[in-house]
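Fold and geometry: a report
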Amino acid sequence: MRVCKFGGAALRDGEAFQSVRSIVQAEPSRQVIVPSAPGKRDSRDEKITDLLYACQSAASDGRAFSHLFDRIASRYREIAAALGLPAPDEDLRQVYAGLREGASPAWAASRGEWLSGRLLGAYLGFPTLDAAQVIRFDGQGRLDTAETLALLRKTLRGPCVLPGFYGADGTGTVYTLARGGSDVTAALAAAACNADVYENWKDVRGVFSADPDLVPDALYIPRMTYREQRALSLLGGQVLSEDAVAPVRQAGVPLNIRSFLSPGHPGTWIGPAFSGEKRSEAIAVTGQTKLTLYRLERQDGGEDLAQATLKAGLAPYRMAADADALCLTLKKDEALPQALHRLYERAWQQEHAAAVSVIGEGLSRMDGAARFAAALSAAGIGVLSLHMPPEGLYITALIPGDRFAPAINAVYDAFIRR
Ligand code: ASP
């Protein structure tokens, strides 16, 4: 069985729903279909989810919102008409009534996926589940992964549409996942039914070997391991959020990122290590800008500083304690916590830094660190700090921020464009 997630761009209008149906029907094992709410049709358009939040906010301030709701209703009516389905008037009436009666922001936003799922189910001839019955939250609005997996295991037995992005606690109060959360719903479904594949259908052909804005001839990566995907996502190239991958990684279910614009293209496969394969190349170059580097010195070592950093709830981009100091790299929206100021004796700081990283299981089988340093040096880029963990899944250099684009290209030349 395959679990397929279609995002807002893949469901933006009637024609897009038609392509989704062709994709689903082309492969009978595509049985669990997780839709988002319709997204933008062009850059000036509105996402249904944003319109629903706007309606809820107007309703809760006592402002009129029917003009906003009409925009939502006409999108769904147009899709239904294009698919030859009856207009979803009763569903829309329920949503409107809920908003008037003081619905929460989460309930309001969840109706985008609910309406989209009801239409897609009718169009595919699959039953549509209510995610409130199977995606379980605790009373504080935190996802209860264990209970959700147990409920999904019992429920996912054959073809169905499972709307993404929302669920409910045991009393039926609706909660949403983070924005883009349909990716998480589908990952949970794929893990629960131990799917053969989790297909995530996007408007790109897969994961790229570098940001195409910086490296115009970057290529899509045909396959990568979960470890590589995680390193890529943590070091800069957001592919899918960690929450959207962790369930399938833990269950060992392969993830296939595909393009609904080119359904024949195999996309990027992400899985456990590929058996018998000993690759000896890097797969991607990525990075991060707007970093601040700190070196906090303390006579009796950096350890307490490390503990204080974690206690303060910081998630540093990099952190390393050595004999007499803690080296911290923070993203621009993170400041050094007050609690730390009392603990060090001397601080060195550099703002506007950037990180450039190369990623690949194969780095441990090549003289990667030397090649990486040589590439940066040949491009005249001064390295502020350099790191390769044992087993060499990645190599990262911290560099002055104004050298970011040349550094990405130099490393790309040395490892990928060869
Ligand atoms: N519709 C929601 C959003 O716009 C969730 C999703 O697309 O996955 O964030």
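This structure is a prediction, so every number in the text was calculated from the model and none was measured.

Quick look at helix H10 (residues 242-251) now. All of the buried residues along H10 are Ala244, Val245, Ala246, Pro247, Val248 and Arg249. Buried residues in H10 make contact with helix H8 (182-192), strand S6 (197-202), helix H9 (226-235) and strand S8 (255-259). Looking one or two places after H10, you find Gly252, whose phi comes out positive at around 70°.

For the ligand, the full set of nearby residues is Ser36, Thr49, Glu113, Phe165, Arg179, Gly180, Gly181 and Ser182. Contact between the ligand and Ser36: an oxygen atom at 3.1 Å from a side-chain N or O atom of the residue. Interatomic distance of 2.8 Å between a side-chain N/O atom of Thr49 and a nitrogen atom of the ligand. In the complex, the protein chains occlude 91% of the 260 Å² of accessible area that the ligand would expose alone. Looking at side-chain class alone, the shell around the ligand contains one nonpolar, five polar and two charged residues.

Our next topic: the side chain of Thr268. Along the chain, Thr268 falls in strand S9 (residues 268-271). Not counting the four nearest positions on each side in its chain, Thr268 is found in contact with Arg205, Gly206, Val207, Tyr220, Ile221, Pro222, Met224, Leu255, Asn256 and Ile257.

On to the environment of Asp300. Checked against the element boundaries, Asp300 lands in the loop between strand S10 (284-297) and helix H11 (303-311). Overall, Asp300 belongs to the exposed group, its relative accessible area being 57%. Between the C-alpha atoms of Asp300 and Asp324, which are 24 residues apart in sequence, the distance is 6.3 Å.

Before going further, it helps to spend a moment on the packing of aromatic side chains. Summed over all chains, the structure comprises five aromatic pairs. Their ring planes at 55° and their centres at 6.3 Å tell us that Phe372 and Phe415 sit as a pair that is tilted. Placement of Phe372 in helix H13 (residues 368-378) and of Phe415 in helix H14 (residues 404-415) is noted, with a sequence separation of 43 residues between them. Of the residues examined, Phe372 reaches a relative accessible area of 0% and is grouped as buried. Given the relative accessible area of 2%, Phe415 is considered buried. Grouped by ring-pair contacts, the aromatic residues Phe65, Phe69 and Tyr96 constitute a single cluster. When the ring centre of Tyr123 is taken as reference, the NZ or CZ atom of Arg21 above it lies at 4.0 Å. Looking at Arg371, its charged tip hangs above the ring of Phe415, at a distance of 5.0 Å from the centre.

Once that is clear, we can look at the side chain of Glu113. Here Glu113 lies in helix H5 (residues 105-124). No salt bridge is formed by the buried Glu113; its nearest oppositely charged neighbour, Arg179, is found at 7.7 Å. If we skip the residues at most four places from it in the chain, Glu113 touches Pro35, Ser36, Ala37, Thr49, Pro163, Gly164, Phe165, Tyr166 and Ser182.

This paragraph deals with the pattern of salt bridges. All chains considered together, the criterion is met by 24 salt bridges. For Asp217, the salt bridge goes to Arg417, with nearest N and O atoms at 2.9 Å. Here Arg417 lies in the segment after H14 and Asp217 lies in the loop between S6 and strand S7 (223-225), a separation of 200 residues in the sequence. With a relative accessible area of 32%, Arg417 lands in the partly exposed category. Members of the salt-bridge network, linked through shared partners, are Arg295, Glu297, Asp322, Asp324 and Arg346.

To continue, consider the layout of surface pockets. As a volume, the largest pocket reaches approximately 540 Å³. For the largest pocket, the lining is made up of 19 residues, of which Arg230, Ser233, Leu234, Leu235 and Lys331 are closest to its centre. Of all the secondary structure elements, the ones that give two or more residues to the lining of the largest pocket are H9 and strand S15 (394-400). Element by element, the count of residues in the lining of the largest pocket is highest for H9, at six residues. Split by residue class, the lining of the largest pocket holds eight nonpolar, five polar and six charged.

Strand order in the open sheet formed by six strands is S11-S12-S10-S13-S15-S14, and the pairing between neighbours is antiparallel. Of all strands in the sheet, those bounded by a partner on one side alone are strand S11 (318-322) and strand S14 (385-387). Taken over all neighbouring pairs, the strand axes of this sheet differ in orientation by 25° on average, direction set aside. On top of the sheet, H13 reaches strand S13 (346-359), S14 and S15; it is set at about 25° to S15, its chief contact. Across the sheet, H14 is in contact with S10, S13 and S15; its angle to S10 comes to roughly 125°.

Cut-offs applied
Residues numbered from 1 in each chain as written. Predicted model: local features only at pLDDT ≥ 70, side-chain atom pairs only at ≥ 80, totals over all residues. Heavy atoms only, no water. Buried < 20%, exposed > 50% of the residue type's maximum accessible area, 1.4 Å probe, protein only. Helix = DSSP H or I, 4+ residues; strand = E, 2+ residues; numbered from the N terminus. Contact = heavy atoms within 4.5 Å. Near = heavy atom within 4 Å. Polar contact = N/O pair within 3.5 Å; in protein donor to acceptor, adjacent residues only side chain to side chain. Areas by Shrake-Rupley, 256 points an atom, 1.4 Å probe, with all protein chains shown as cover. Nonpolar A, V, L, I, M, F, W, Y, C, P; charged D, E, K, R; others polar. Phe/Tyr/Trp six-rings, centres within 6.5 Å; stacked < 30°, edge-to-face > 60°. Lys NZ or Arg CZ within 6 Å of the ring centre and 35° of its normal. Lys, Arg positive; Asp, Glu negative; His and termini not counted. Salt bridge = Lys/Arg side-chain N within 4 Å of Asp/Glu carboxyl O. 1 Å grid on protein atoms, 1.4 Å probe; cavity = no way out; pocket = protein on both sides within 12 Å on 5 of 7 lines; lining within 4 Å. Points joined across faces, edges and corners; volume = space filled by probe spheres on them. Pairing = 2+ DSSP bridges. Axes fitted to C-alpha atoms, helices over the stretch in contact; angles between N-to-C directions.

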